[in-house]
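# Breakdown of the fold
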There are 2 protein chains.
Amino acid sequence: MAAVEALQRLVTALGKLPGVGRRSAERMAMRLAVGRRDLIDELLASLAFVQKSVTGCAKCGSPTLVDENPCRLCTSPGREDGLLCVVEEPADIATIERSGGFRGRYHALMGTLSPPKGQGPADLRVQSLVARVREEGISEVVLALNTDVEGDATAAFLEEALRGEPVKVSRLAFGLPAGSGIRYSDPVTLERAFKGRM
Amino acid sequence: MAAVEALQRLVTALGKLPGVGRRSAERMAMRLAVGRRDLIDELLASLAFVQKSVTGCAKCGSPTLVDENPCRLCTSPGREDGLLCVVEEPADIATIERSGGFRGRYHALMGTLSPPKGQGPADLRVQSLVARVREEGISEVVLALNTDVEGDATAAFLEEALRGEPVKVSRLAFGLPAGSGIRYSDPVTLERAFKGRM
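Thresholds applied
- Residues numbered from 1 in each chain as written.
- Chains lettered and ligands numbered in written order.
- Predicted model: local features only at pLDDT ≥ 70, side-chain atom pairs only at ≥ 80, totals over all residues.
- Heavy atoms only, no water.
- Pairing = 2+ DSSP bridges.
- Helix = DSSP H or I, 4+ residues; strand = E, 2+ residues; numbered from the N terminus.
- Axes fitted to C-alpha atoms, helices over the stretch in contact; angles between N-to-C directions.
- Contact = heavy atoms within 4.5 Å.
- Buried area = accessible area lost by both parts, 1.4 Å probe.
- Salt bridge = Lys/Arg side-chain N within 4 Å of Asp/Glu carboxyl O.
- Polar contact = N/O pair within 3.5 Å; in protein donor to acceptor, adjacent residues only side chain to side chain.
- 1 Å grid on protein atoms, 1.4 Å probe; cavity = no way out; pocket = protein on both sides within 12 Å on 5 of 7 lines; lining within 4 Å.
- Points joined across faces, edges and corners; volume = space filled by probe spheres on them.
- Nonpolar A, V, L, I, M, F, W, Y, C, P; charged D, E, K, R; others polar.
- Domains from an automatic or database assignment.
- Buried < 20%, exposed > 50% of the residue type's maximum accessible area, 1.4 Å probe, protein only.
- pLDDT = per-residue confidence, 0-100.
- Core = buried A, V, L, I, M, F, W, Y, C linked by side-chain atoms within 4.5 Å.
- Least-squares fit on C-alpha atoms with pLDDT ≥ 70 in both.
- Phe/Tyr/Trp six-rings, centres within 6.5 Å; stacked < 30°, edge-to-face > 60°.
- Lys NZ or Arg CZ within 6 Å of the ring centre and 35° of its normal.
- Expected span 1.5 Å × (residues − 1).
- Arc of directions from axis to C-beta.

### As for the sheet that holds strand S4 (residues 105-108) of chain A
Residue and element names in this part refer to chain A.
- In spatial order, the strands read S4-S3-S5-S6; together these four strands make up an open sheet with parallel pairing. Each of the sheet's edge strands pairs with one partner strand only, and the pair in question is S4 and strand S6 (168-171). Going across the sheet, the axis of each strand differs from the next one's by a mean of 25°, ignoring polarity.
- Pairing geometry for strand S5 (residues 140-144) and S6, over four bridges, is parallel. Across the sheet, the residue bridging to Glu140 is Lys168, located in S6.
- Against the sheet, helix H6 (residues 127-135) engages strand S3 (83-87), S4 and S5, with an angle of about 155° to S4.

### Remarks on the interface of chain A and chain B
- Counting from both sides, the interface comprises 53 residues of chain A and, opposite them, 53 residues of chain B.
- Interface area, chain A with chain B, both sides summed: about 5,100 Å², of which 70% is carbon and sulfur.
- On inspection of chain A and its partner chain B, the count reaches four salt bridges.
- We note a salt bridge from A:Glu42 to B:Lys16, for which the minimum N-O separation is 2.9 Å.
- Inspection of the chain A/chain B interface yields 10 residue pairs in polar contact (both at pLDDT 80 or more).

### Details of the layout of surface pockets
- Within this model, the second largest pocket holds a volume of roughly 660 Å³.
- Taken together, 27 residues form the lining of the second largest pocket, with A:Pro90, A:Ala91, A:Ala94, B:Val4 and B:Met30 sitting closest to its centre.
- Taken together, the elements giving at least two residues each to the lining of the second largest pocket come down to strand S2 (63-65), helix H4 (72-75) and helix H5 (90-99) of chain A together with helix H1 (3-14) and helix H2 (22-35) of chain B.
- A per-element tally of the lining of the second largest pocket places H5(A) first, with eight residues.
- In terms of residue class, the lining of the second largest pocket is made up of 14 nonpolar, four polar and nine charged.

### A look at the domain arrangement of chain A
- Annotation of chain A at the domain level lists domain 1 (3-56) and domain 2 (78-171).
- The straight-line distance from the C-alpha centre of domain 1 of chain A to that of domain 2 of chain A is 31 Å.

### So, the environment of B:Asn146
All names here are of chain B.
- Examined against the element boundaries, Asn146 turns out to sit in the loop between strand S5 (140-144) and helix H7 (149-162).
- Taking relative accessible area as the criterion, Asn146 reaches 37% and is therefore assigned partly exposed.
- The sequence separation of Asn146 and Leu172 amounts to 26 residues, and the corresponding C-alpha distance is 9.5 Å.
- Excluding its chain neighbours within four sequence positions, the residues that come into contact with Asn146 are Glu88, Gly151, Asp152 and Arg171.

### With respect to the sheet that holds S5(B)
All names here are of chain B.
- Read across the sheet, four strands follow the order S4-S3-S5-S6 without closing on themselves; strand pairing throughout is parallel. This sheet does not close on itself; its edge strands, each paired only once, are strand S4 (105-108) and strand S6 (168-171). Across the sheet, the mean angle from the axis of one strand to that of its neighbour is 25°, orientation sign disregarded.
- When strand S3 (residues 83-87) meets S5, the two strands line up parallel, connected through five bridges. The residue bridging Val86 from the neighbouring strand is Leu143, located in S5.

### Re the confidence of the model for chain A
- Scored by pLDDT, chain A has a mean of 90; 99% of the residues are at 70 or more.
- Under the prediction, the complex receives an ipTM of 0.72, its pTM being 0.72.

### Examining the nonpolar core
- Ranked by size, the top nonpolar core spans 76 residues in total, and within it A:Leu14, A:Leu32, A:Leu43, B:Leu14, B:Leu32 and B:Leu43 carry the most contacts.
- Setting aside chain neighbours within four positions, we find B:Leu14 in contact with A:Leu43, B:Val20, B:Ala25, B:Met28, B:Ala29 and B:Leu32.

### A word on the relation of the copies chain A and chain B
- Relative to chain B, chain A is turned by 180° and slid 0.0 Å along the rotation axis, the superposed coordinates differing by an RMSD of 0.0 Å. This pairing of chains is accounted for by a two-fold axis. Judged by C-alpha distance, A:Leu44 is the residue of chain A that lies nearest the rotation axis, at 3.0 Å.
- Interface residue correspondence from chain A to chain B reaches 100%, placing this contact among same-surface, isologous pairings.

### Describing the packing of aromatic side chains
- For the structure on display, the rule yields two aromatic pairs over all chains.
- In this structure, B:Arg9 packs its charged tip against the face of A:Phe49, placed 5.2 Å from the ring centre.
- Above the ring of B:Phe174, the side-chain terminus of B:Arg192 is found at 4.0 Å from the ring centroid.

### Some details on helix H1 (residues 3-14) of chain A
- End to end, H1(A) covers 17 Å across 12 residues, agreeing with the expected 16 Å (1.5 Å per residue, within 8%).
- Buried within H1(A) are the following residues: A:Ala3, A:Ala6, A:Leu7, A:Leu10, A:Val11, A:Ala13 and A:Leu14. All buried residues of H1(A) project into a common sector of 160° when viewed along the axis, lining one side.
- Taken together, the buried residues of H1(A) touch helix H2 (22-35) of chain A together with helix H3 (37-53), strand S1 (54-56) and strand S2 (63-65) of chain B.

Shown next, in the form of structure tokens:
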């Protein structure tokens, strides 16, 4: 066995992290194996710690402490209960919270529909979304998905999945981002901004 | 302690991997904590395996098995001994080997001079380079560094460090890459291609 083969398992594992391609994974494995042995220790310790103390919230899907499930956002009394915001990734929740534009509850899908990545409906938290809409008496689901092809396809799929439920399904407004100039806008954004003019 | 704090150590560790910024590290930690628990096991196992079985080659710095040090390339009898190729990262060695353009020995610096990244001469394998030039009777050092600002600065530094040693220091030729068109070339590449015209 050569060293390259010994590194292969690590390259494969690192390549499964979001946003890491084969080349990046190889570079990381190399660096870990020869340049940064200390970082191997640090990763082993922090991964073991997360494995032991953190889990996914049974409601929204965000990371939460194993002895605090459902998470704080899902149990906080100060939030509007009938309003549910659907996001792709748990990280999006923190971004929306910072904006202060939403005071309801959250639900993370853990991805989008993406045939190239081999992600279908079964890989997303759709069943638990429909269950929550029924059980928690949700009156409006706001889809806060990315405005790319995958986000659009996922939004269409969710609208279909929730058809028949007594719930309003909305999507975040399309338009010009704050602080941008007309001259720097792409044609699709401009077309949508004209369509949605207020 | 909130879940975010429990993830912080992992975010910090992941952020030290090459090419991973704060945002990416957060996304990876989130995904590991809630979407891909199985990947935590896989990373733990493969990191522990690399820690146990792989080390940096005492000569070139590439990953090698702990019981195969110096590595196969450094001990292979079929290579030219007086010729030493200096690269930034061990991964560059595989790229050069695939090209078939070089039959000497290698030496990986483990980075470049980069004040923004806090990398100075002490972080690079420069001392061992000078030692090898003396001990192995190297007659020519070929600098196969990237053609960016950091690569240029590192090349200048190495030329200075090797001044006084009875060794020729060369750098890979600058010019047009194979299969490219004049019209797609940037001004710096074109200027260098004119200067180095053959």
